[in-house]
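Residue-level listing of the chains:
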Amino acid sequence: MVTFTLNGIVHSLDVPDDTPLLWVIRDELKLKGTKFGCGMGLCGACTVHLNGQAIRSCITPVATINGQRLMTIEGLGTPEQPHPLQKAWVQHSVPQCGYCQSGQLMSASALLAANPHPTEAQIREAMSGNVCRCGTYPRILKAIQTVTNAMTGEEETL
Amino acid sequence: MIDSPLNPSLNRRRFLKVMGTGSGGLMLAFHLPGCSQIPPGQQENSLRPNAWLEFTSQGACVLTLDRVEMGQGTMTGMATLLGEELDYDPSRIEVVFAPVGKAYVQPDFGLQITGGSTSISSNWVRLREAGASGRAVFVKAAAEVWQVDQSQVRTANGVCFLQGSDKQVSYADLVALAATLSAPSSPELKSADQFRYIGKHNARLDGRSKSFGLADYGIDQEPDDLLYAVLIRAPRLGSTLKGFDAEAAQRMAGVERIFACDAGIAVVAQSYWQARKAAEQVKADWQTNELSALSTEQVFAQYATGLDEESGDSVRDDGDLDEVLATAEQLVEAEYRLPYLAHATMEPQNCTVWIREDRCDVWAPTQGPDIARYVARRASGLSESDIHIHTTFIGGGFGRRLSQDYVNEAVLIAKEFDRPVKLIWSREEDTRYDLYRPASLHRLKAGLDRFGKPLGWHHRIAAPVVLDHYAKDASGAMAPGWTPPAIVNFSSNFASWITPDTSAIEGAEDLPYDFSAIAVDHVKVDPGVPISYWRAVGHSFNGFVVESFMDELAEKAGEDALSFRLKRLQNFPRHQNVLKLAAERAGWGYSLPEGHFHGLAVHKSFGTVVAEIAEVSVEQGRIRVHKVTCAVDCGQVVNPDIVVAQMESGIIFGLTAALYGEITLKEGAVEQSNFHDYPMLRMNESPDIEVIVVESQESPTGVGEPGLPPIAPAVANALYRATGQRLRSLPLRLA
Ligand code: FES
Ligand code: FES
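Scoring rules and cut-offs
- Residues numbered from 1 in each chain as written.
- Chains lettered and ligands numbered in written order.
- Predicted model: local features only at pLDDT ≥ 70, side-chain atom pairs only at ≥ 80, totals over all residues.
- Heavy atoms only, no water.
- Domains from an automatic or database assignment.
- Buried area = accessible area lost by both parts, 1.4 Å probe.
- Salt bridge = Lys/Arg side-chain N within 4 Å of Asp/Glu carboxyl O.
- Helix = DSSP H or I, 4+ residues; strand = E, 2+ residues; numbered from the N terminus.
- Nonpolar A, V, L, I, M, F, W, Y, C, P; charged D, E, K, R; others polar.
- Patch = residues over 30% accessible without salt bridge, like charges linked within 9 Å, V, L, I, M, F, W, Y side chains within 5 Å.
- Areas by Shrake-Rupley, 256 points an atom, 1.4 Å probe, with all protein chains shown as cover.
- Lys, Arg positive; Asp, Glu negative; His and termini not counted.
- Charge placed at Lys NZ, Arg CZ, Asp CG, Glu CD.
- Buried < 20%, exposed > 50% of the residue type's maximum accessible area, 1.4 Å probe, protein only.
- Expected span 1.5 Å × (residues − 1).
- Pairing = 2+ DSSP bridges.
- Polar contact = N/O pair within 3.5 Å; in protein donor to acceptor, adjacent residues only side chain to side chain.
- Contact = heavy atoms within 4.5 Å.
- Axes fitted to C-alpha atoms, helices over the stretch in contact; angles between N-to-C directions.
- Parallel < 35°, antiparallel > 145°, perpendicular 65-115°, else oblique.
- Left-handed = near helix turned anticlockwise from the far one by under 90°.

Undergrad: Explain the domain arrangement of chain B here, please?
TA: By a widely used convention, the size of an interface equals the accessible area lost when the partners come together. All names here are of chain B. When its domains are assigned, chain B resolves into domain 1 (12-211), domain 2 (219-288 + 349-424) and domain 3 (298-340 + 438-466 + 501-723). On a C-alpha basis, the centroid separation for the pair domain 1 and domain 3 is 40 Å. Carbon and sulfur atoms supply 59% of the area buried between domain 1 and domain 3, which totals about 1,300 Å² over both sides. Looking at the side of domain 1 facing domain 3, the largest losses of area belong to Ser117, Trp124 and Asn202, adding up to 35% of the total buried there. On inspection of domain 1 and its partner domain 3, the count reaches zero salt bridges. Here the side of domain 1 that touches domain 3 gets four residues from one element, more than from any other, and that element is helix α2 (residues 74-86). Its residues assigned to classes, the side of domain 1 that touches domain 3 comprises seven nonpolar, 12 polar and two charged.

Undergrad: Help me understand a negative patch on the surface in this model?
TA: Residues and elements named next belong to chain B. A cluster of acidic residues, Asp317, Asp320, Asp322 and Glu323, forms a negative patch on the protein surface. Residue position: Asp317 is located in strand β14 (residues 313-318). Here Asp317 falls in the exposed class, since its relative accessible area comes to 53%.

Undergrad: Explain unusual backbone geometry to me, please; I cannot follow it from the model alone.
TA: It is generally the case that most residues other than glycine have a negative phi and that most peptide bonds are trans. Between Leu730 of chain B and the following residue, Pro731 of chain B, the backbone shows a cis peptide bond with an omega angle of -5 degrees. Within the secondary structure layout, Pro731 of chain B lies in the segment after α21 (711-723). In this structure, Asn7 of chain A takes a positive phi of about 50 degrees despite not being glycine. With respect to the helices and strands, the residue Asn7 of chain A is situated in the loop between β1 (2-6) and β2 (9-13). Classification of Asn7 of chain A by relative accessible area gives partly exposed; the value is 26%. Notably, Ala344 of chain B is not glycine yet its phi reads approximately 50 degrees, a positive angle. Within the secondary structure, Ala344 of chain B is located in the loop between β15 (330-338) and β16 (350-356).

Undergrad: I tried to follow helix α11 (residues 369-380) of chain B on my own but got confused; where do I start?
TA: Side chains that are three or four residues apart share a direction in an α-helix, a result of its 3.6 residues per turn. All names here are of chain B. End to end, α11 covers 16 Å across 12 residues, agreeing with the expected 16 Å (1.5 Å per residue, within 8%). Every buried residue of α11 is accounted for by Pro369, Asp370, Ile371, Ala372, Arg373, Tyr374, Val375, Ala376, Arg377, Ala379 and Ser380. Gly381 sits one or two positions beyond α11 and adopts a positive phi of about 80 degrees.

Undergrad: Is there a simple way to think about the pairing of strand β21 (residues 454-463) of chain B in this case?
TA: One face of the sheet, then the other: side chains in a regular strand alternate in exactly this way. All names here are of chain B. Counting buried residues along β21, 10 of its 10 residues qualify, which places the element largely inside the surrounding structure. In this structure, strand β20 (residues 440-448) lies alongside β21, joined through eight bridges in antiparallel fashion. Paired with Leu441 across the two strands is Ala462, which belongs to β21. In sequence, β20 turns back onto β21 through a hairpin of five residues, with Gly452 there showing a positive phi of about 85 degrees. In this sheet, strand β22 (residues 517-524) lies alongside β21 in parallel orientation, the contact comprising eight bridges. In the sheet register, Gly456 faces β22, and the bridge partner there is Ala517.

Undergrad: Help me understand the side chain of His458 of chain B, please; the structure alone is not making it clear to me.
TA: Residue and element names in this part refer to chain B. Within the secondary structure, His458 sits in strand β21. A distance of 2.7 Å separates polar atoms of two side chains, one belonging to His458 and the other to Asp521. Ignoring sequence-local partners within four residues, the contact set of His458 consists of Leu321, Arg443, Leu444, Lys445, Ala519 and Asp521.

Undergrad: Is there a simple way to think about the sheet that holds strand β19 (residues 421-424) of chain B in this case?
TA: Within a sheet, each strand pairs with its neighbour through backbone hydrogen bonds, oriented either parallel or antiparallel. Residues and elements named next belong to chain B. With mixed pairing, seven strands are arranged side by side in an open sheet as β11-β12-β9-β19-β16-β17-β18. Strands at the two margins of the open sheet, each flanked by one partner only, are β11 (255-261) and β18 (387-391). Each strand axis lies, on average, 20 degrees off the axis of its neighbour in the sheet, ignoring direction. Sheet topology places β16 next to strand β17 (residues 359-364); five bridges connect them, and they run antiparallel. Its bridge partner being in β17, Thr352 is matched across the sheet by Trp363.

Undergrad: Please clarify how the domain arrangement of chain A should be interpreted in this entry.
TA: All names here are of chain A. Domain parsing of chain A yields domain 1 (2-75) and domain 2 (84-152). The C-alpha centroid of domain 2 is placed 21 Å from the C-alpha centroid of domain 1. Taken together, the contacts link 16 residues of domain 1 with 12 residues of domain 2. Together, the buried faces of domain 1 and domain 2 total about 1,100 Å²; carbon and sulfur atoms form 57% of this surface. Looking only at domain 1, the three residues that lose the most surface to domain 2 are Lys35, His49 and Ile73, adding up to 39% of its buried area.

Undergrad: Can you help me understand the interface of chain A and chain B in this one?
TA: Facing the 54 residues of chain A at the interface are 60 residues of chain B. Carbon and sulfur atoms supply 58% of the area that chain A and chain B bury against each other, a total of about 4,700 Å² over both sides. Across the chain A-chain B interface, the total number found is eight salt bridges. In this structure, Arg124 of chain A engages Asp688 of chain B in a salt bridge whose closest nitrogen and oxygen atoms are separated by 3.3 Å. For the interface between chain A and chain B, the tally reads 31 residue pairs in polar contact (both at pLDDT 80 or more). Contributing elements (two or more residues each) for the side of chain A that touches chain B: α1 (21-28), α2 (73-76), α3 (84-91), α4 (101-114), α5 (120-126) and α6 (137-157) of chain A. A per-element tally of the side of chain A that touches chain B places α6 of chain A first, with five residues. The class makeup of the residues in the side of chain A that touches chain B is 26 nonpolar, 16 polar and 12 charged.

Undergrad: Would you mind going over the packing of α11 of chain B against helix α12 (residues 405-414) of chain B with me for this structure?
TA: Relative orientation and spacing of two packed helices are given, respectively, by the angle between their axes and the distance between those axes. Residue and element names in this part refer to chain B. It is at 9 Å that the axes of α11 and α12 come closest, and there the two elements cross at 30 degrees. As far as their axial angle goes, α12 and α11 are roughly parallel. Remark: the crossing between α11 and α12 carries right-handed chirality. On α12, the residues that touch Ala372, Val375, Ala376, Arg378, Ala379 and Ser380 of α11 are Val407, Asn408, Val411 and Leu412. Residues that form the contact of α11 with α12 fall into these classes: seven nonpolar, two polar and one charged.

The structure is reproduced here in structure tokens:
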């Protein structure tokens, strides 16, 4: 039995200890926003937050998150209450096929939580674990910069 | 169970039901949760003037999208075309994916497929007419309400206005009346200066759902009571199953059944992970054949033998090549070689199938729903009208999902259960069992006179023909629904005479440059490796070969690569124009930062002409692409920002191929498996990209693929300037 908090809700589940968190999220908890891309920690499609940090859920055995706090794309924001990055994503028409984008957003939001004013090089580095086969990188960069610039603007006016 | 993969707002309000009709066709009907279902064929008070447009009695405007959305922006593009003539804001249009249906067949191919960058070009008239006929019915209805002549009714954004008064009525309020009126069959279309949305509308209709994890892909389908399947596949090409031992695996938790089928050994369990783990415990024995020993080197040896020994098909023969080359002062010869490539869509192949007595439901991320239906029919033994294909959002296509192998497999497995089954490929299977972009070998010869003027051009290509592999399934979908699969297989050439295959020669036979003699030959050599269409197909290799060799000639002629090309493109003003635009913007010929070099290329594919200039440096032996400047002429632009996005996408996809892409075979097995050994370009290596979109009022042409072909030669040409090394094979590897 493993117990954890996901998007603010406590779950207790009876699943084999070695089941990757990804499949627990998708198939037990039926949250389909988190995607399967490689199963080896190489593409970032399955990125979720564990206690605020971006992790690859496809290589995280569910037993290791017992008692911890998780967030998926469904917890990041909703169309009614979007995360600033999600607004910027829509504004810049970032998604193409969209399949990688939950993971991209989870990586980007973890980055900004840890470092609200990353340089371009820091953004590129932090996001390099997330593959986008459709090549949306230029727009991801712009969208993240829109948010960091807005945050800078806010501070300046304070 | 969720039937509809569509935008969440639509899902929340109603469910889409796909129902069979007596005629074997399909029709869509909507019902509100909690309300009784409206019987098929009687969508009370809804207006459906044609196969694409529907206004529901609640006033919602619904577009039935007969192309699939795999990132290329077709959903937004089609809604823009419809909305333009309907006079309705495209962002208010709700979109549902089309079922299989005759009206939705792609005129270019005779199939209901999405490929060849054709969605905008082949719907340019069709969907605008659909919108215009819808608008005409509302005008008629409004005129009737106001008892005026139709010429006095104006429309804008879903509202009819009475000229010279403040009377107005929304389309939504007119639906009930409009539904009783007939729509004109060939309504008048707007002229370009009247466009309100075409050329301006940018917001992607699917941008929101995909930014909140709400878009529903094939892999997300979850009918109740679902089982999960994985397949154990033959480890080497051409091998077949001799026997297997699944005793230990069968006893593992959650395992339902393990059995052999035509596709391999199926392992079916309560959860994906249980199936995957059990599969590891199955021991299988395989019988090999002569293909099972194939290596990449043998493939290229077969190609070389073909080029040595056969003249091949002459696909272009202008002027007298021998005569012209005999007068040449210098002959330039080169051999180019391109590898097999995997598609590597981010969403691995998958398919969910539920077979009940007389009904087979298939949920699949497919680029060819009608081929999927044929394949499901063949695999299930059911009749065409019993097969229901539910198209979903697609996590990347690039040609991969024109093939329906995963649908075939899922049906073969689901046949054994009365519950729905979802088959999911691992990334390793996706890489090792893809149908690849064909490898090819090219021999080029050209002559220059003593002033460096090029005289003759000879391009010989050794490559297989994709349609030979594709025809078996495609012809089944083209044949009438009652045709028994056995007969379809017998006549699988059917597809090849309906749709001639240019996959090996496109981008080579249509060489735009002016030479006194041009010959292009294709020697068909098929080593037996499974192949398929891959983004830009033949253009992806011929573009590299032609544009690299042109640079070699410019160099031999002692001329600048840009002016050398421009002079030989007198009859191709669009090529000249994009070259000049890109060169000017990139600062071609001006100095760059220390150690940076420019390379350029221009290529036309799918009707669209693209020039690209790459700014490249080599740092500690590593190739770095800093900036790409791109100019594109795709005729009338429908959604400018989507054109830009598709150029960015094609460039990055093409850079992955240029810098990393290579599938190799050893003893009949693909050596690559996942993103560590089949790497993708990542954000820290991604160049800045600037795109110039040419304004034009010519009919629109595609943008999904044409951004790709010029990038590899542009980078290779820059590398030559940076290092003096002429790299004639991909991926680019410096000595
Ligand atoms: S699926 Fe987890 S990193 Fe690729
Ligand atoms: S949007 Fe398609 S993989 Fe990123």
